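# Topology and contacts: notes
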Amino acid sequence: MTPVAEAPINSLDARRSSDGGTLTLIMTGRWDSDTTGKWWQRGQQILTQGKPRRLVIDASEVSYCDGAGVAFLIDLQQLQIRIGGDATIQGLQEEFRRLLDIYGRISIEPPPGRRREPLSIIEQVGKGAVELWRDLKSLLTFVGELTVMLLRAARHPSFVRWQDAWLAAEQSGVNALPIIALIGVLLGLILAFQSAIPMRRFGADIFVADLLGIAMLREMGPLITAIILAGRSGSAFAAELGTMKVREEIDALRTMGLEPVRFLVLPRVIAAVAMIPVLTVFANLFGLMGGAIVMRSLGYPLVTYVNQVLSAVTVGDLMGGLLKSFVYGIVVAAVGCLRGLETRTGASAVGQSTTSAVVSGIVLIAIVDGLFAVVFYALGL
Amino acid sequence: MLPKENRPIIQVQHFTAAYDGSVVIDDISFEIYRGEVFAILGGSGSGKSTLLKHMIGLYQPAAGHIVIGGKDIVTAEGEERTSILKSIGVTYQMGALFGSMTLLENVRLPLEEYTALPSDAMDLIARMKLKLVGLEPFLDYMPSELSGGMQKRAAIARAMALDPHILFLDEPSAGLDPITSAELDQLILDLARNLAITFVIVTHELSSIYSIADRVIMLDKGVKKIVATGRPQELREHATNPWVRKFLNPGVSAETAGKGAGGER
């Protein structure tokens, strides 16, 4: 048990009998979890080096002994038995002797336990492939389920729980404005500044406005908004639904005959899909404002910059970007909810779902972006 | 049964607990003696768990002192506080085993953090504690692979890792079947009698109380005070407070029921 007052120092002395067959270990003082540690290896050393036929542990001077002290006695006894001799403990006070009796029934060898063999590379690859296949299947099922729900929602708007959708829209849309504005301005600023340096060498720095306008509207605006949505809201959806899963709230919905996809996923997906084009427009606007700061610092008046941007970009660029953002919104919200619903039990499960939601979200954004690039190229847009 | 010393190991003095200004427990005092199995009873929302959490130093009381082994946990800081915390062990309602560690690692953790024992010594001590609660064969299982009763027992093993003088158990038999609950009660009795550990148990399992508790206090939500103190059997027979009688003799009279109902804090 734990020392409360200052502990008297303990000691361990070894004495050999004249014929050398008996080793006496004399323990004194306090033997608890604080004071036993320093003697543990010393005791083992004395025994393994001396290899006595008979071990006598004289514990008559032990003033205090708790589980750690008893463990030391048991360890010495077991070691002596393994060496092939016998061991006796003398003089241990009655209350500590009782403790020894309680714990003394510990078997010498640890129980066999289940050995967890590490997987070979082939097994790991196989396991990974099976998991990927399962993951794809569940993704496909989920997409199907969600599509059906969205179609039903389109036909019967009252099917959607609009209160939840408004709340999700506020959390993933309105509350995201400050970060979207900040990242948008910085992105525009950096993009304009980085491109202005080489373009200036050719006297083409006015075309920074063209570059920025097209890049923001077609690509960077939707992309950065989607990535922020994945980090902010995709993770939040996964954590919310994951916690509900762990607390068996999702099971409760199911047993009440209510579909979790309708109750939990649909409002969030609708909210994200409705909000992401608006957020993208904001990101575009703030990106262009960042560019304006750079162009002003390069000496161009604001009106020149605005006219240059307007002459460079088309409504098609804006709409193309918004179409992309619409798809990103579905992907990010859906994968966030899916990961939440897939949460297993345990404290780390919600963390894993959240991480997985963000990673899958970003990977899917990149894939969708690539597909759009190919389609836009083929259509000559 | 071990002879009880007359020296209290825990003294709760003029203790008041409040959440956001509203008083939950109002100026109570009691003492717990070495080697006792002491139960804190009360209806839902009477502040039993709140009292326990103050006694183990998780919350600061609004007023009063809680002296454990001669040291006041309310004012103790640094080394002194650590030494009090090392002298007590706590198990929580849900077991609170660390899900990412095996049972052995769970029990080893306090030893690793607080002692300078070599690794094989820590393994041996952790095995001894698990053996004591009958879980040695499961030492490399993860908590999620065990039943609720086993998790509770493993939590006791972890709480005992540093050989505390006092074990605080919050609702040890909540959610357990009667047989498992009875086994847990037997384990608590064995530990109290053989290792002279003082148990402070928050519960409302009457069968547990009658079979293991030496002494109980009962908290009431209405007056926010202790409404009864004593041996559970004696209180059952002789308590004057009607709510106490009703609580300890369920099904006898419906007149006084419901007084202590409400949300658990």
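Report on the accompanying structure.

### A closer look at the overall build of chain A
Each helix and strand counted, chain A has 12 helices and 4 strands in total. Buried positions account for 38% of the 381 residues belonging to chain A. Intrachain contacts of chain A at a sequence separation of at least 6 include 84% that bridge at least 24 residues.

### Concerning the sheet that holds strand 4 (residues 86-90) of chain A
Residue and element names in this part refer to chain A. Within the open sheet, the 4 strands sit side by side as 1-2-3-4. Their pairing is mixed. In this open sheet, the two edge strands, each paired with only one partner strand, are strand 1 (11-16) and strand 4. For this sheet the average axis-to-axis angle between neighbouring strands, irrespective of direction, equals 20°. For strand 3 (residues 54-65) and strand 4, the ladder comprises 5 bridges, and the chain directions are parallel. By the bridge assignment, Arg54 is partnered in strand 4 with Asp86. Contacting strand 1, strand 2 (22-31) and strand 3, helix 1 (residues 37-50) runs over the sheet at an angle of about 10° to strand 1.

### Some thoughts on the nonpolar core
Residues and elements named next belong to chain B. Ranked by size, the top nonpolar core spans 103 residues in total, and within it Phe199 and Met218 carry the most contacts. Top contributing element to this core by residue count: helix 4 (residues 119-132), with 8 residues. In this structure, Phe199 is in contact with Val37, Phe38, Leu167, Leu169, Ile188 and Ala192, ignoring residues within four places of it in sequence.

### Focus: the pairing of strand 9 (residues 215-219) of chain B
Residues and elements named next belong to chain B. Most of strand 9 is tucked away: 4 of the 5 residues are buried. Pairing of strand 3 (residues 37-42) with strand 9 involves 5 bridges; the strand directions are parallel. If you follow Ile40 over to strand 9, its bridge partner there is Ile217. Two successive antiparallel strands, strand 9 and strand 10 (residues 226-230), enclose a turn made up of 6 residues, where Lys224 displays a positive phi of approximately 60°.

### Description of the interface of chain B and chain A
On the side of chain A, 29 residues touch chain B, which itself brings 28 residues to the contact. Listing elements by their share of the side of chain B that touches chain A, those giving two or more residues are helix 2 (78-87), helix 4 and helix 6 (178-195) of chain B. Residues belonging to the side of chain B that touches chain A are distributed by class as follows: 13 nonpolar, 9 polar and 6 charged.

### Thoughts on the environment of Val244 of chain B
All names here are of chain B. If you trace the backbone, Val244 turns up in helix 9 (residues 242-248). On the basis of neighbour counts, which here come to 21 C-beta atoms within 10 Å, the residue Val244 falls in the buried class. Considering only alpha carbons, one finds Val244 and Asp220, 24 residues apart in sequence, at a separation of 8.9 Å. If near-sequence neighbours (up to four positions away) are discounted, Val244 is found in contact with Met218, Val227, Ala228, Leu235 and Ala239.

### Focus on the packing of helix 5 (residues 148-159) of chain B against helix 6 of chain B
Residues and elements named next belong to chain B. Two elements in contact, helix 5 and helix 6, have axes whose closest approach is 10 Å; the angle formed by their N-to-C orientations is 15°. Judged by the inter-axis angle, helix 5 sits roughly parallel to helix 6. At the point where helix 5 passes helix 6, the crossing takes the right-handed sense. Counted together, Gly149, Lys152 and Arg153 of helix 5 and Thr180, Leu184 and Leu187 of helix 6 form the full contact between these two elements. Residue composition of the contact of helix 5 with helix 6, grouped by class: 2 nonpolar, 2 polar and 2 charged.

### A closer look at the pairing of strand 7 (residues 166-170) of chain B
All names here are of chain B. Of all 5 residues that make up strand 7, 5 are buried, and the element is covered over most of its length. Residues Ile166, Phe168 and Asp170 point to one face of strand 7 and Leu167 and Leu169 to the other, with burial holding for every one of them. Judged from the 4 bridges that link them, strand 6 (residues 88-91) and strand 7 form a sheet pairing that is parallel. Residue pairing across strands places Val90 opposite Phe168, the latter belonging to strand 7. In terms of strand pairing, strand 7 meets strand 8 (residues 198-202) through 5 bridges, oriented parallel. Of the residues in strand 8, the one forming a bridge with Leu167 is Phe199. Between the parallel pair strand 7 and strand 8, the chain is carried across by helix 6, and the sense of this crossover is right-handed.

### As for helix 5 of chain B
Residues and elements named next belong to chain B. Taking 1.5 Å of rise per residue, the 12 residues of helix 5 would be expected to cover 16 Å, and the 16 Å separating its terminal C-alpha atoms lies within 8% of that figure. When you tally the buried positions in helix 5, you get 10 out of 12 residues, the bulk of the element. Where helix 5 is concerned, the buried positions are Met150, Gln151, Lys152, Arg153, Ala154, Ala155, Ile156, Ala157, Arg158 and Ala159. Packing partners of the buried residues in helix 5 comprise strand 6, helix 3 (103-114), helix 4, strand 7 and helix 6.

### Section: the sheet that holds strand 5 (residues 71-72) of chain B
Strand pairing in a sheet relies on backbone hydrogen bonds. The paired strands run either parallel or antiparallel. Residues and elements named next belong to chain B. Spatially, 2-1-4-5 is the arrangement adopted by the 4 strands of the open sheet, whose pairing is antiparallel. Among the strands making up the open sheet, the edge pair consists of strand 2 (22-33) and strand 5. Where strand 1 (residues 8-19) lies against strand 4 (residues 63-68), 5 bridges are found, and the strand directions are antiparallel. Across the sheet, the residue bridging to Val12 is Ile66, located in strand 4. Relative to strand 1, helix 1 (residues 48-55) is tilted by about 120°, and along the sheet it contacts strand 1, strand 2 and strand 4.

### Focus: the environment of Ala161 of chain B
Residues and elements named next belong to chain B. Along the chain, the position of Ala161 falls in the loop between helix 5 and strand 7. The class for Ala161 is buried, based on 26 C-beta atoms found within 10 Å. The sequence separation of Ala161 and Asn106 amounts to 55 residues, and the corresponding C-alpha distance is 9.5 Å. Beyond its immediate sequence surroundings of up to four residues, Ala161 is in contact with Val107, Pro110, Leu111, Ala126 and Lys129.

What counts and how
- Residues numbered from 1 in each chain as written.
- Chains lettered and ligands numbered in written order.
- Predicted model: local features only at pLDDT ≥ 70, side-chain atom pairs only at ≥ 80, totals over all residues.
- Helix = DSSP H or I, 4+ residues; strand = E, 2+ residues; numbered from the N terminus.
- Buried ≥ 20, exposed ≤ 12 C-beta atoms within 10 Å, placed from the backbone.
- Contact = placed C-beta atoms within 7 Å.
- Pairing = 2+ DSSP bridges.
- Axes fitted to C-alpha atoms, helices over the stretch in contact; angles between N-to-C directions.
- Core = buried A, V, L, I, M, F, W, Y, C linked by C-beta atoms within 7 Å.
- Nonpolar A, V, L, I, M, F, W, Y, C, P; charged D, E, K, R; others polar.
- Parallel < 35°, antiparallel > 145°, perpendicular 65-115°, else oblique.
- Left-handed = near helix turned anticlockwise from the far one by under 90°.
- Right-handed = clockwise from strand over helix to strand, strands pointing away.
- Expected span 1.5 Å × (residues − 1).

Purely spatial values, then, with no claim about function.
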